[in-house]
Amino acid sequence: MDNHSSSQSFWSKYVFSLDHKVIGIQYGLTSLGFLILGFSLVLLMRWQLAYPEQALPLIGKFFGNASMPDGVMLPEFYNSLGAMHGTIMIFLGVVPLGVGAFGNYLVPLQIGAPDMAFPKLNMASYWCFFVGGFVMLLGFAMPGGAANSGWTAYPPLSIVATSGQTVWLIGMVFLITSSLLGSINTIVTIVQLRAKGMTFMRMPTLVWTQLVTAFLLLMAFPPLEAAGVLQLMDRLAGTSFFMPEGLVLSGQILPYTGGGSVLLWQHLFWFLAHPEVYVLILPAMGIVSEVIANNTRKPLWGRKGMIYASVFLGFMSFIVWAHHMYLTGMGTVISAFFQATTMIISIPSVIILTSLLLSLWGGSIRFNTAMLFSLAFLPMFGIGGLTGLPLGLAAADVHLHDTYYVIGHFHYIVAPGTIFALFSGIYYWYPKITGRQMSETLGKWHFWPSLICMNCIFFPMLIQGLAGVSRRLYDGGATYELAKDVLYLNKVMSASAALLFVAQIPFIINVFTSFWRGKKASANHWDATTLEWAATSSPPLGHGNFEVIPEVFRDPYEYNPPNSDKEFLPQNFDLQNDKKRED
Amino acid sequence: MKIPFAVEERPDTGLNNGRFGIWLFLASELMLFGGLFSAYILLRTGSSGWPKGADFLNIPLATVNTVVLISSSVTIILAWIALQMNNVKRFRILYSLTILLGFIFLIIKYFEYSAKFHHHYYPSTNTFLAIYFTMTGLHVLHILGGLLVNIYHLFPGFKLYKEDPEKYKGRIELSGIYWHFVDLVWIFLFPILYLL
Amino acid sequence: MDTKSLSKKNRTYLIVFASLMFLTFITVWVSGLDLTKTSKILAIDASVCAIIIALSVASVKGFLVGGYFMHLFDEKRWVYLLILLSVFFFIALLYLPLLESHSRLEHYYVP
């Protein structure tokens, strides 16, 4: 570390830092905290689903009478937990970890830039996110509890909901601002600050996926912000953008002038929320392709195809959104249009997944923890993607809409899909970030139970959903005759969820103990070729990234190149210079 | 540590970071107003009857406001030209004039709003007024944001001109591009809310 | 840039300003006219006629502001690409919900 950074105060070095690596770590730690919180919320829900209206043992009595009198959960509290679980996991957990943490930390290092293009905006982005998260949590302190209209906040329910919804909307405004600042920064960095020789086609796949993701965030979030403003107006100023005439609540006609459209919200919301799905999955695909290329010791199969596929994926994701709305009574022609675009968008996803799978062919695979998580990503994402196809077709969606099948489908994509990829990324880049290795033993104790528990949670959901169990039921379907045969699965899922929580303990121990006790890692711990390993120390300098800004000579994954005696060629390795030196 | 291409242009893209950044920001702003325009169209076509703007709104006042905003747009670009010629005095006059015109716009808007409230026209009165107040309100927020930035550039930010004139010129150009965008939004808001 | 080309630009901006003012008065003036005759000749609804005129004038004005004031006429490829992309999504956002909400009508029985 140079003298300049040691002269900074603690606050400007670690808290209000302008360095992209520190901000990346801040994003990472905060979002991991939110992931644990979001997971805890769903554990409470799972107790209620498996043992409806039984008192939660041990901790139940601490929740107070407003949410869990005598440890028995109230339906309103269950709704709050559901809404906040979704919001926290998506907007405060997975996206900040995939985009905020990995994007911030790795993009400048991988393209050979000294920092992000706008360091101050970068800091502002993190603090907007932090404030947004804090405001979201404030919702729990509001009378009537946190937002309870689902993470989709559909009107009219969300307009007549308790004040927690207003807090939710204000929190969203902060989060949208944060992602706006972050995405502008990422795009400008990638387009403007690439090192000499780093052409677009030589950029690692992770950088490409981050670029597409940033465009999605940039273009898709603002309509939700507009919708959020309209919903705030409905709630606070008494307008009726989303409220039709003559709504009756508890026998009272609501004082709205009417003329609004509930579907307007759904359009504006899904215009964001469908691209958001790809915001969740694209960085994960980027991480997995880095890990797979490195641990198979061969170039990615069809790398350029993957890049084009992810750009096409990003583009198409803007015109498929109404497939969330088949059951709202849309006409058959427009429904055919959205079915067609939905089928088309599955093609690039399949291209990417197939390329990753074929990249394994003929590789001498190193089965370290990072690689195990990446390998598990492939079938898990595959199941998630394939179960999505019936939902994209209106006829099948009539049966499956709003059942547990939907929950199973998207959790397969996000939980054992994206989150596994993110774990993989943490195991893979930990030596770079801290200069120490993580324990492989603990890593395997983390991986195998997680894989098994994930499947025991989400596969039964598909079965329940096919049996017709609605996702909105507070008692898990106990009151419905049709659900009787699949009701026992609730206990299986809940027990697996609790075990999954236990399975994260080795990971938490691993992250903290390795930081102090882990074995020292060399600068290029995995013998990788991309710039973040090739040209920096480990951990990278506190201030500034490279001693000398590297120059790039070749494609990113030159492992075992033909016509060379080297096992791997880093992107910045100058063959000609090397030859001269040997001569 | 210095970020490359903060002032000078990157040869292969022909842009510096700030110019590309502001355009990305404006692209996202376009989508923000796009969401509102979409809401406007959907609500209007879905309604059984939509009032003419003149039934509720004051067209002469809004025309004056259009003139004011377009004038402020032209003063800010003339200010930038003056700065390019290093004519600081002319720059400061024109830039101050822009800020002044911005404030005049806000004052007229204030009178317009209070006249509405005086007649008991509120956002909750009907959907037309609801979308009127929301869209113009959001536009006013953008004006306020722009004014804050411009005032910063004129007074405390001006010392940058002595340290790094090229960087300062770049910032003035960006503030101008943003200001024109706010003008552009008004150019569309004016006919769809007041005239149609 | 040299002083000469700058003062030339100065003049261009003033001309643009004058045209913007002119167009503003045009659009206000047209909105006060009775368009029934014109609409009969063109065989379209009077309100549609008004919308077309108002939006075309606004588009011309927007074109002038964007092109000259925001220097779009001499921007670079990346900015054009970006604007193209956002305009495409803008249209999708405007048009698809409209199309969707109209498609609902086919399900309703209209006597």
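This text goes with the structure placed above it.
Residues numbered from 1 in each chain as written. Chains lettered and ligands numbered in written order. Predicted model: local features only at pLDDT ≥ 70, side-chain atom pairs only at ≥ 80, totals over all residues. Heavy atoms only, no water.

Draft legend 1. Focus on the overall build of chain B. Broken down by element type, chain B carries seven helices and zero strands. Projected onto its principal axes, the C-alpha coordinates of chain B cover approximately 60 × 35 × 25 Å. Looking at the 196 residues of chain B, the share that counts as buried comes to 62%. Counted over contacts in chain B with a minimum sequence separation of 6, partners at least 24 positions apart contribute 76%. Looking at chain B as shown, the accessible area adds up to about 7300 Å², and 68% of this sits on carbon and sulfur atoms. Put simply, chain B has 15 plus and 11 minus side-chain charges, and the middle of one group is 6 Å from the middle of the other. (Helix = DSSP H or I, 4+ residues; strand = E, 2+ residues; numbered from the N terminus. Buried < 20%, exposed > 50% of the residue type's maximum accessible area, 1.4 Å probe, protein only. Contact = heavy atoms within 4.5 Å. Areas by Shrake-Rupley, 256 points an atom, 1.4 Å probe, with all protein chains shown as cover. Lys, Arg positive; Asp, Glu negative; His and termini not counted. Charge placed at Lys NZ, Arg CZ, Asp CG, Glu CD.)

Draft legend 2. Expanded view of the overall build of chain A. Helices and strands together make up the secondary structure of chain A, namely 19 helices and four strands. In summary, chain A has a C-alpha radius of gyration of 24 Å against a globular reference of 25 Å for 583 residues, a match within 12%. Seen through its principal axes, chain A has C-alpha atoms that stretch 90 × 55 × 50 Å. By the burial criterion, 62% of the 583 residues in chain A qualify as buried. Long-range pairs, those at least 24 residues apart, make up 77% of the contacts in chain A with a sequence separation of at least 6. Here chain A has roughly 21800 Å² of accessible surface; of this, 69% comes from carbon and sulfur atoms. (Rg over C-alpha atoms; globule rule 2.2 N^0.38 Å.)

Draft legend 3. Main features of the interface of chain C and chain B. Opposite the 48 residues of chain C that make contact, chain B presents 48 residues. With both chains or domains summed, chain C and chain B bury close to 4100 Å², and 82% of this area falls on carbon and sulfur atoms. Counting the surface chain C buries against chain B, the share from its top three residues, Phe69(C), Met70(C) and Leu82(C), is 14%. For the pair chain C and chain B, the number of links is one salt bridge. Between Glu75(C) and Arg19(B) there is a salt bridge, and its shortest N-O distance comes to 2.8 Å. Of all the secondary structure elements, the ones that give two or more residues to the side of chain C that touches chain B are α1 (3-32), α3 (46-69) and α4 (77-103) of chain C. Taken together, the residues that form the side of chain C that touches chain B break down as 30 nonpolar, 13 polar and five charged. (Buried area = accessible area lost by both parts, 1.4 Å probe. Salt bridge = Lys/Arg side-chain N within 4 Å of Asp/Glu carboxyl O. Nonpolar A, V, L, I, M, F, W, Y, C, P; charged D, E, K, R; others polar.)

Draft legend 4. Structural detail: the side chain of Arg19(B). Along the chain, Arg19(B) falls in helix α1 (residues 17-46). Judged by its relative accessible area of 8%, Arg19(B) is buried. Engagement of the side chain of Arg19(B) in a polar contact is seen with the side chain of Glu75(C), the distance being 2.8 Å. Excluding residues within four positions of it along the chain, Arg19(B) makes contact with Glu9(B), Gly14(B), Glu173(B), Leu174(B), Ile177(B), Glu75(C) and Lys76(C). (Polar contact = N/O pair within 3.5 Å; in protein donor to acceptor, adjacent residues only side chain to side chain.)

Draft legend 5. Geometry of the environment of Tyr404(A). Residue and element names in this part refer to chain A. With respect to the helices and strands, the residue tyrosine 404 is situated in helix α14 (residues 404-434). Remark: the alpha-carbon pair of tyrosine 404 and alanine 214, spanning 190 residues in sequence, is separated by 31 Å. Contacts of tyrosine 404, omitting those with residues within four sequence positions, involve Leu49, Tyr78, Met461, Gln464, Gly465, Val469, Ser470 and Arg471.

Draft legend 6. Quick peek at the interface of chain A and chain B. Between chain A and chain B, the contact holds 39 residues from the first and 33 residues from the second. In total, about 2900 Å² of surface goes out of reach between chain A and chain B, with carbon and sulfur atoms giving 75% of it. Sorting the residues of chain A by area buried against chain B places Gln192(A), Phe241(A) and Leu264(A) first, and these three jointly supply 20% of that buried surface. Remark: the boundary between chain A and chain B carries one salt bridge. Taken together, the connections running from chain A to chain B amount to six residue pairs in polar contact (both at pLDDT 80 or more). Among the secondary structure elements, those contributing two or more residues to the side of chain A that touches chain B are α7 (164-192), α8 (205-236) and α9 (262-296) of chain A. Ranked by the residues each element gives to the side of chain A that touches chain B, the list is headed by α8(A), at ten residues.

Draft legend 7. Expanded view of α8(A). Residue and element names in this part refer to chain A. With 32 residues, α8 extends 45 Å between its outermost C-alpha atoms, agreeing within 8% with the 46 Å of an ideal straight helix rising 1.5 Å per residue. Maximum bend of α8: about 30°, positioned at phenylalanine 221, with proline proline 222 one to four residues after it. Burial of α8 is extensive: 31 of the 32 residues sit out of reach of the surface. Once α8 ends, the next one or two residues include glycine 238, with phi positive near 75°. (Expected span 1.5 Å × (residues − 1). Bend = angle between axes of the 7 residues up to and from the residue.)

Draft legend 8. Examining the side chain of Ser335(A) more closely. All names here are of chain A. Following the sequence through the fold, serine 335 ends up in helix α11 (residues 332-359). With a relative accessible area of 8%, serine 335 lands in the buried category. Those residues in contact with serine 335, other than ones at most four positions away along the chain, are Tyr326, Met330 and Ala394.

Draft legend 9. Molecular detail of a positive patch on the surface. Judged by side-chain charge, Lys120(A), Lys2(B), Lys167(B) and Arg171(B) come together as a positively charged surface patch. Summarising the element assignment, Lys120(A) is placed in helix α5 (residues 119-138). (Patch = residues over 30% accessible without salt bridge, like charges linked within 9 Å, V, L, I, M, F, W, Y side chains within 5 Å.)

Draft legend 10. Spotlight on the pattern of salt bridges. All names here are of chain A. Scanning the model with the defined rule gives 14 salt bridges over all chains in all. The closest approach of N and O atoms between glutamate 567 and arginine 297, which form a salt bridge, is 2.7 Å. With glutamate 567 in the loop between β3 (558-559) and β4 (568-569) and arginine 297 in the loop between α9 and α10 (303-316), the pair connects residues that are 270 residues apart, well separated along the chain. Overall, the relative accessible area of 34% leaves glutamate 567 in the partly exposed class. For arginine 303, the salt bridge goes to aspartate 555, with nearest N and O atoms at 3.4 Å. With arginine 303 in helix α10 and aspartate 555 in the loop between α18 (531-534) and β3, this residue pair connects regions lying 252 residues apart in the sequence.

Draft legend 11. Region of interest: the packing of α1(C) against α3(C). Residues and elements named next belong to chain C. Look at α1 against α3: their axes get within 10 Å of each other, and the N-to-C directions meet at 165°. The pairing of α1 with α3 is recorded here as roughly antiparallel in orientation. In the packing of α1 onto α3, the handedness of the crossing is left-handed. Across the interface between the two elements, Thr12, Tyr13, Val16, Ser19, Leu20, Leu23, Thr24, Ile26, Thr27 and Val30 of α1 pack against Ile53, Ala54, Val57, Val60, Lys61, Leu64, Val65, Tyr68 and Phe69 of α3. Split by residue class, the contact of α1 with α3 holds 14 nonpolar, four polar and one charged. (Axes fitted to C-alpha atoms, helices over the stretch in contact; angles between N-to-C directions. Parallel < 35°, antiparallel > 145°, perpendicular 65-115°, else oblique. Left-handed = near helix turned anticlockwise from the far one by under 90°.)

Draft legend 12. Structural view of the environment of Pro255(A). Residues and elements named next belong to chain A. Its place among the elements puts proline 255 in the loop between β2 (252-253) and α9. Residue classification places proline 255 among the exposed positions, given a relative accessible area of 74%. Separated by 16 residues in sequence, proline 255 and threonine 239 place their C-alpha atoms 9.8 Å apart.

Draft legend 13. View of the environment of Trp445(A). Residue and element names in this part refer to chain A. By secondary structure assignment, the location of tryptophan 445 is in helix α15 (residues 440-466). The exposed category is assigned to tryptophan 445, whose relative accessible area is 58%. Along the chain, tryptophan 445 and leucine 499 lie 54 residues apart, while their C-alpha atoms are 12 Å from each other. Beyond its immediate sequence surroundings of up to four residues, tryptophan 445 is in contact with Ala503 and Pro506.

Draft legend 14. How the structure looks around unusual backbone geometry. Residue and element names in this part refer to chain A. For the peptide bond that leads from proline 155 to proline 156, omega is 0°, which places it in the cis range. Assignment of secondary structure puts proline 156 in the loop between α5 and α6 (157-160). With an omega of 0°, the peptide bond between serine 538 and proline 539 qualifies as cis. Along the chain, proline 539 turns up in the loop between α18 and β3. With a phi angle near 65°, leucine 58 is a residue other than glycine that sits in the positive phi range.

Draft legend 15. Structural context of the packing of aromatic side chains. This structure, assessed with the given rule, holds 73 aromatic pairs over all chains. Ring centres of Tyr126(A) and Phe129(A) lie 6.1 Å apart, and the angle between their planes is 55°; this geometry places the pair in the tilted category. Of this pair, Tyr126(A) and Phe129(A) are both found in helix α5, three residues apart, which corresponds to roughly one turn of the helix. Among the aromatic side chains, those forming a connected cluster through ring pairs are Phe10(A), Trp11(A), Tyr14(A), Phe16(A), Tyr27(A), Phe34(A), Tyr126(A), Trp127(A), Phe129(A) and Phe130(A). Sitting over the ring of Phe62(A), Lys61(A) keeps its end group 5.5 Å from the ring centre. One Lys or Arg, Arg92(B), reaches over the ring of Phe158(B) and ends 4.2 Å from the middle of that ring. (Phe/Tyr/Trp six-rings, centres within 6.5 Å; stacked < 30°, edge-to-face > 60°. Lys NZ or Arg CZ within 6 Å of the ring centre and 35° of its normal.)

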